[in-house]
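So the chains spell out like this:
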Amino acid sequence: MKLNRPVSWFLIAFGVWSWIVWTTFVKNLWKDTSGLAFDDGSPTAYFWMHLTLAITSFLLGTAIGALGLRSLRILKREAAGGAPAERQSSDTAAV
């Protein structure tokens, strides 16, 4: 599947957005004084569940952003006059 430039930029923006939002959330979770995240200094189930959500979002945001970045690099290579990645590998194999 080939992605176009706007979709690639959207994926990169999604990855960056995930890191910004969830980093802020984890900082706020760590500083929580309401008793939800920590009970007498010990992490609660609320804390562990939300930390798991944040880590999952970090991983997914990174993977999605990496796909967008990879797509942009391929589009740039093609625009510079290089053959598409699929054709390059088949041409090289035929030589």
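Residues numbered from 1 in each chain as written. Predicted model: local features only at pLDDT ≥ 70, side-chain atom pairs only at ≥ 80, totals over all residues. Heavy atoms only, no water.

A. Representation of helix H2 (residues 45-79). Between its first and last C-alpha, H2 extends 51 Å over 35 residues, near the 51 Å set by a 1.5 Å rise per residue. Among the residues of H2, those classed as buried are Phe-47, His-50, Ala-54, Ser-57, Phe-58, Gly-61, Gly-65, Gly-68, Ser-71, Leu-72, Leu-75 and Glu-78. Taken from the residues just after H2, Gly-81 is the one with a positive phi, measuring 105 degrees. (Helix = DSSP H or I, 4+ residues; strand = E, 2+ residues; numbered from the N terminus. Expected span 1.5 Å × (residues − 1). Buried < 20%, exposed > 50% of the residue type's maximum accessible area, 1.4 Å probe, protein only.)

B. Looking closely at the pattern of salt bridges. Per the counting criterion, the structure on display carries one salt bridge. Residue Glu-78 pairs with Lys-2 through a salt bridge whose shortest N-O separation is 3.0 Å. Here the residue Glu-78 occupies a position in helix H2, and Lys-2 occupies one in the segment before helix H1 (5-30), the gap between them amounting to 76 residues. (Salt bridge = Lys/Arg side-chain N within 4 Å of Asp/Glu carboxyl O.)

C. The arrangement of the environment of Leu-67 in detail. Structurally, Leu-67 can be placed in helix H2. Put simply, Leu-67 and Ile-12 are 55 residues apart on the chain and 7.8 Å apart in space, counted from C-alpha to C-alpha.

D. View of the packing of aromatic side chains. This structure, assessed with the given rule, holds six aromatic pairs. Measuring from ring centre to ring centre gives 5.0 Å for Phe-38 and Phe-47, while their planes differ by 40 degrees; the resulting arrangement is tilted. The same class applies to Phe-38 as to Phe-47, namely buried. Grouping aromatic residues by their ring pairs yields a cluster made of Trp-30, Phe-38, Phe-47 and Trp-48. (Phe/Tyr/Trp six-rings, centres within 6.5 Å; stacked < 30°, edge-to-face > 60°.)

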